[in-house]
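Residue-level structure breakdown
So the chains spell out like this:
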Amino acid sequence: MKAYTFFRSSLLIAAGMLIILFAGCERDLADLEKASFPTNPEVFINGFSPGLNYAAFGGSVPTAFSVDNQVTYSDQSTASMRFEVPDAGDPAGSFAGGVFFTESGRNLSGYNALTFWAKATQSTTIGEIGFGNDLGENKYVVSIQGLNVTTGWRKYIIPIPDPAKLTAERGLFWYAAGNIDGKGFTFWIDEVKYEKLGTIGHPKFAILNGENQVETSFIGVSTGVGGLMSTFNMPTGINQAISIAPAYFQFASSDPSIAVVDEAGNVNVTGGPGTAEITARVGEVDADGSLTIQSLGEFEHAPTPIHDPENVISIFSDHYENVPVDYYNGYWEPWQTTQSADFTVDGDNVLHYFDFNFVGIQFASPTVNATGMTHLHVDIFLPNQLNANAQFQIELVDFGADVSGVNTTNISADQSQQWISLDIPLDDFPGLTSRAALAQIIFVDAGGNIPSFFADNIYFYNEGAPPPPGDEPSSPAPTPTHPANNVLAVFSDAYEMIPGTDFFPDWGQQTVVSIIQIDGVNTLKYSGLNYQGIQLGSNQNVTDMEYLHVDFWTANSTELNIFMISPGPVETSFSLTVPTTGWSSIDIPLSSFAPVDLGDVIQLMFTGNGDIFIDNIYFHKN
Amino acid sequence: MKTTYKFNKSHIAYFIMPVLLVFFGCERDDFQKLDERNWQLVWSDEFEGEAGELPDPSKWTFDLGTGEDGWGNQELQRYTNNPENVSLDGEGNLVITAIRDGNSFTSARIKTQGLFAQQYGRFEARLKTPFGPGLWPAFWLLGDNVDTVGWPQCGEIDIMELRGQQPHIIHGSVHGPGYSGGNPVSGSYTLINGRFDMDYHVFAIEWDEDRIDFFVNDFLYQRIEPEDVPGEWVFDHPFFIILNVAVGGSFVGFPIDQTPFPQRMIVDYVRVYTAVD
């Protein structure tokens, strides 16, 4: 009865390693296909069918599987397969999973489905279950992900997408199941066999999730066809989604002189200008979806970076020395769909992400200290036509302080199909309170409409000498000379001011406002101005005034404007000449602020940059 | 032009061996041995025409809208005469398409009322059904005195009905006074390893004053005689033909999220014969 064998050696550590181990078998398999393989449909009826072996996945509980002679799906059955899924934290393994395979293949081309009966100790979900996992190439792997089972025996069906492919299949059955909310469970499977069913049908297949995508491209660019989907209609009339390997799809290019596609769906642009459409079929069924490559010919490189290498920490660029990077695509399970098809044109390496939802780049060994940097630079190119404006989100993660910050760039639809250079101040990643140990850059398709993008020249930089912090004025602004009865003062020690005025309104600005004393004279100081408002204590009728007076001082500002605002808001700006040499005084005719309602002035505002000192803001007449 | 078809029923059972007779396993062995009859074609629509054309207006008319209380069955669809819901496919078929638009559905129901009705004979259609929970295709007859005596007094003969969640089972029924709605006299026919939506099948009745015989692919699976109905036998006047695809309703239940749409009933032909000596 118990003729199965366990392979628990390191052979099973990772599927990726196994692919390498078994790659050498490919040629032999082709030869073997000429021989006739047994067509035995049985996998496990009352025990292992002839030639069947079992191997547990690495990391799983190796003893999760056993043969159960007590619990069976019918009186006629004398044995079932029992699987015990471990609780979270089980030292024996984190999940139950393994492969039932034969040493030599079976010819399953006369069947169209794998069927079995199953039940569990509770209504639960088996993570993944199917066939075609042969511990090797897994070329024709198929599974249902998230198979719901109940406490009663029920028959389950996993369709074979194209039976003609399975002439020498070794992977007869496989499964992987983890705990649910930390709790393990037990499930049984019985009567596992291949059948030719007339009760399933209407197969549907799709590439690119069924979408017809159009992508601008260039000679030398590679991409991939993702978003592979398949459904079959079950005997209950319901469509069942199954996950199927790319090898079931036959990809085709409408013009191989423009683009070629291999059997795995990898696309390489070979010529241009011109257009090629990539389509696929499974067996005799055309798959929904297509990828139209519009090759523009010679590759358009990203703009050459301009920043001094001295001021750069580079993650990915051919123009700088890059820091060690763990990976440019973490393939984070389970929600990431993004795949990579990075390419090199004329020695220019370019990252290419497709089937994009989010993707992370990690540089954790060692992490990057970007405290001396001011900006993140990324060049991106969206090769697909955008159906609407897009939101390209970047998250920076600091492993030291365990903090992260997110910045989102709006990309208008007409910016697709060209290089876009993003230069984002690191201060514009709210929440990133430390950048001493940066370790990840995560790109997110926040609007959900960017199918793919190229990326190049990803680096942090210091934008060079920022405006030198200006010295403070050595003396206060000149004392005003206008008679007080001709003055309505907003800010001045020399006059009675409009009561209740707010010099610190929070309008979302970055400017740091303070009131300092210079030789005992109160002076407004705007540090790092972007904009800053002044909310008058009450609405002011200044129709009988003639001028707005301002004294201002700045050593580093290159732009400074003053706005007057009446309800609406109706606002008009007046440009002030900066930087100044010492204190500048100006009397701006109020007519300059038309169409602001001078009978109802509510606010003033300054915009610009740099560090500004301001005093003696008042209306006056002669 | 009139063609006389001759059916020899005694041989028919041999080439439908795979069929499991669930409901009639206890019937006598010679159940399939029917009298030979000569059938003369009197009315048909082969649905030849250009793709996108509406069905021949000399033969078919439409039921439109949502009827009263979803055509008496809480059906969800709105019937239209739009080509996207009902049209020829250019390959010799009529296609009735049920379309989902959010939570609303459109479909079509065509009938020969006022154009053709017949008492007794053979009524048959070759068609592929739609599928999926909540789909309810039907090929059926209604007494053409429905407007004067009402339903169910007029009588109803359902030659083929199917629940989309059971695409391997069809039902044949008669409704009359005292046996209508959810309580008809009914039988069903099950494909043991096949489905009615994946291949064409021929659904037929043969009807005379003594009985109504129900066939799938010329296999007799049900005979209903006057003594079988718990009420008045009302199948003694002309009936007209209806083809429709309903969505939802008391017979089939609601469609669910996993119900694939659009759904099509593809009708190769409808033919009506009369018996000749």
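Residues numbered from 1 in each chain as written. Chains lettered and ligands numbered in written order. Predicted model: local features only at pLDDT ≥ 70, side-chain atom pairs only at ≥ 80, totals over all residues. Heavy atoms only, no water.

**Quick look at the overall build of chain B**
Going by this rule: For helices the rule is a DSSP run of H or I covering at least 4 residues; for strands it is a run of E covering at least 2, with both sets numbered from the N terminus onward. In this scheme, a residue with accessible area under 20% of its type's maximum is buried, one over 50% is exposed, and one in between is partly exposed, where area comes from a 1.4 Å probe on protein chains only. Surface accessibility in these figures is a Shrake-Rupley result with a 1.4 Å probe; residues are shielded only by whichever protein chains are displayed.
Counting secondary structure elements, chain B contains two helices and 18 strands. Split into buried and exposed, the 277 residues of chain B put 55% on the buried side. With the model as given, the accessible surface of chain B reaches about 11900 Å², and the carbon-plus-sulfur share is 48%.

**Describing the pattern of salt bridges**
Residues and elements named next belong to chain B. Quick reminder of the rule: Should a side-chain nitrogen of Lys or Arg be within 4 Å of a carboxyl oxygen of Asp or Glu, the pair is scored as a salt bridge.
Using the criterion set out here, one finds 18 salt bridges over all chains in the structure. A salt bridge links Asp208 to Arg211; its shortest N-O distance comes to 3.9 Å. A residue is classified by how much of its surface remains accessible, and Asp208, at 18% relative accessible area, is buried. For Arg211, a relative accessible area of 19% gives the class buried. Three or more residues are tied together by salt bridges with common partners; here these are Arg122, Glu124, Glu206 and Asp218.

**Looking at the sheet that holds strand E14 (residues 222-224) of chain A**
Residues and elements named next belong to chain A. In plain terms, the rule: Only when DSSP finds a minimum of two bridges between them are two strands counted as paired. Think of each axis as a best-fit line through the C-alpha atoms, taken over the contacting stretch in the case of a helix, with angles from 0 to 180 degrees between the N-to-C directions.
Pairing in this open sheet of three strands is antiparallel, and the strands run E14-E19-E18 from one edge to the other. Each end of this open sheet is capped by a strand with a single partner; those strands are E14 and strand E18 (259-261). When the angles between neighbouring strand axes are averaged without regard to direction, this sheet yields 25°. Two strands pair when backbone bridges link them, and E18 and strand E19 (residues 266-269) are joined in this way by three bridges, in the antiparallel orientation. Residue Val260 lies in a different strand from E19, and its bridge partner there is Asn268.

**A word on the pairing of E19 of chain A**
Burial along E19 of chain A is one-sided: the face carrying Val267 and Val269 of chain A is buried and the face carrying Asn266 and Asn268 of chain A is not. If you look at the hairpin formed by E18 of chain A and E19 of chain A, you'll find four residues sitting between the two strands, and Gly265 of chain A has a positive phi there, around 90°.

**A few points about the layout of surface pockets**
To be explicit about the condition: Here a cavity is any set of points on a 1 Å grid over the protein atoms alone where a 1.4 Å probe fits but cannot get out, and a pocket is any open set with protein on both sides within 12 Å along at least 5 of 7 lines; a residue lines the site when it has an atom within 4 Å of a point. Grid points are joined across faces, edges and corners, and a volume is the space filled by probe spheres set on the points.
Taken as a whole, the largest pocket spans an internal volume of roughly 1900 Å³. Forming the boundary of the largest pocket are 48 residues, of which Glu128, Gln145, Ser243, Glu333 and Gln336 of chain A lie nearest the centre.

**Remarks on a negative patch on the surface**
Convention followed: Two distance rules govern patches: like charges are joined within 9 Å, and nonpolar side chains (Val, Leu, Ile, Met, Phe, Trp, Tyr) within 5 Å, applied only to residues with over 30% relative accessible area and no salt bridge. When charges are counted, Lys and Arg contribute as positive and Asp and Glu as negative, whereas His and the chain ends are disregarded. Here the site of a charge means atom NZ of a Lys, CZ of an Arg, CG of an Asp or CD of a Glu.
A surface patch of negative charge is lined by Glu209, Asp210, Glu227 and Asp228 of chain B. Asp228 of chain B gets classed as partly exposed once you look at its relative accessible area, which sits at 36%.

**Focus: the interface of chain A and chain B**
To keep things clear, this is the line we draw: Contact criterion: two residues are considered in contact whenever any of their non-hydrogen atoms come within 4.5 Å of each other. The term buried area refers to how much accessible surface (probe radius 1.4 Å) is lost by two components on association, counted for both of them together. As used in this structure description, the phrase polar contact means that two N or O atoms lie within 3.5 Å; if the pair is within protein, one of them must be able to donate a hydrogen and the other to accept it, and residues adjacent in sequence are counted only when both atoms belong to side chains. Classification convention: Asp, Glu, Lys, Arg as charged; Ala, Val, Leu, Ile, Met, Phe, Trp, Tyr, Cys, Pro as nonpolar; all other residues, Gly among them, as polar.
Between chain A and chain B, the residue contacts involve 14 residues of the former and 16 residues of the latter. Taken together, the two surfaces of chain A and chain B that pack against each other cover about 1000 Å², and 52% of this comes from carbon and sulfur. Viewed at the interface, chain B and chain A are joined by six residue pairs in polar contact (both at pLDDT 80 or more). Of the residues in the side of chain A that touches chain B, the class split is five nonpolar, eight polar and one charged.

**A look at the nonpolar core**
This is how the line gets drawn: Residues belong to a common nonpolar core when they are buried Ala, Val, Leu, Ile, Met, Phe, Trp, Tyr or Cys residues joined through side-chain atoms within 4.5 Å.
In this structure, Phe100, Phe116, Phe173, Tyr175, Phe187 and Ile189 of chain A are the most contacted members of the largest nonpolar core, which totals 82 residues. Those residues within four positions of Phe187 of chain A in sequence are excluded, and the remaining contacts are Met81, Arg82, Phe83, Val85, Lys119, Ala120, Ile126, Tyr175 and Ala177 of chain A. Among the nonpolar cores identified, the runner-up in size contains 52 residues, and Phe105, Leu141, Phe214 and Val216 of chain B belong to it.

**Points about the confidence of the model for chain B**
Residues and elements named next belong to chain B. Note the following rule: Residue-level confidence of the predictor is what pLDDT reports, using numbers from 0 through 100.
Per-residue pLDDT for chain B averages 89, and the proportion of residues at 70 or more is 87%. Counting contacts from residues 1-29, a segment whose pLDDT is below 50, to residues more than four positions away or on other chains yields 45 contacts. In the model output, the complex is listed with pTM 0.68 alongside ipTM 0.80.

**Re the sheet that holds strand E10 (residues 169-177) of chain A**
All names here are of chain A. If you walk across this open sheet you meet the eight strands as E2-E5-E10-E7-E8-E16-E15-E12, and the pairing is antiparallel. Unpaired on one side and paired on the other, strand E2 (52-56) and strand E12 (201-206) mark the two borders of the sheet. With direction set aside, neighbouring strand axes in the sheet form an average angle of 25°.

**As for the pairing of strand E33 (residues 452-461) of chain A**
All names here are of chain A. Counting buried residues along E33, 10 of its 10 residues qualify, which places the element largely inside the surrounding structure. Taken together, the four bridges between strand E23 (residues 312-316) and E33 define a ladder with antiparallel strand orientation. Opposite Ser314, over in E33, you have Tyr459 as the bridge partner. In the sheet, strand E26 (residues 348-354) pairs with E33 via four bridges, with the strands oriented antiparallel. For Tyr353, the partnering residue across the bridge sits in E33 and is Phe453. As defined by bridge partners, strand E28 (residues 375-381) adjoins E33 across six bridges and the pair is classed as antiparallel. Its bridge partner lying in E33, His375 is registered against Tyr461.

**What to know about the packing of aromatic side chains**
Selection rule: Aromatic rings from Phe, Tyr and Trp, taking only the six-membered ring of Trp, are treated as a pair when their centres fall within 6.5 Å; an angle between ring planes under 30 degrees marks them as stacked, one over 60 as edge-to-face, and anything in between as tilted. Working rule: Lys NZ or Arg CZ, within 6 Å of ring centre, within 35 degrees of ring normal, means a charge sits over the ring.
Tallied over the entire structure, the rule returns 63 aromatic pairs over all chains. Feature note: the residues Phe44, Phe48, Tyr54, Phe65, Phe83, Phe100, Phe116, Tyr156, Phe173, Tyr175, Phe185 and Phe187 of chain A constitute an aromatic cluster, connected by ring pairs. Its end group placed over the ring of Trp71 of chain B, Arg109 of chain B keeps NZ or CZ at 4.6 Å from the ring centre.

**With respect to the environment of Asn217 of chain B**
Residue and element names in this part refer to chain B. With respect to the helices, strands and loops of the structure, Asn217 is situated in the loop between strand E15 (211-216) and strand E16 (219-224). Here Asn217 falls in the partly exposed class, since its relative accessible area comes to 22%. In this structure, the C-alpha to C-alpha distance between Asn217 and Glu124, residues 93 residues apart in sequence, is 9.9 Å.

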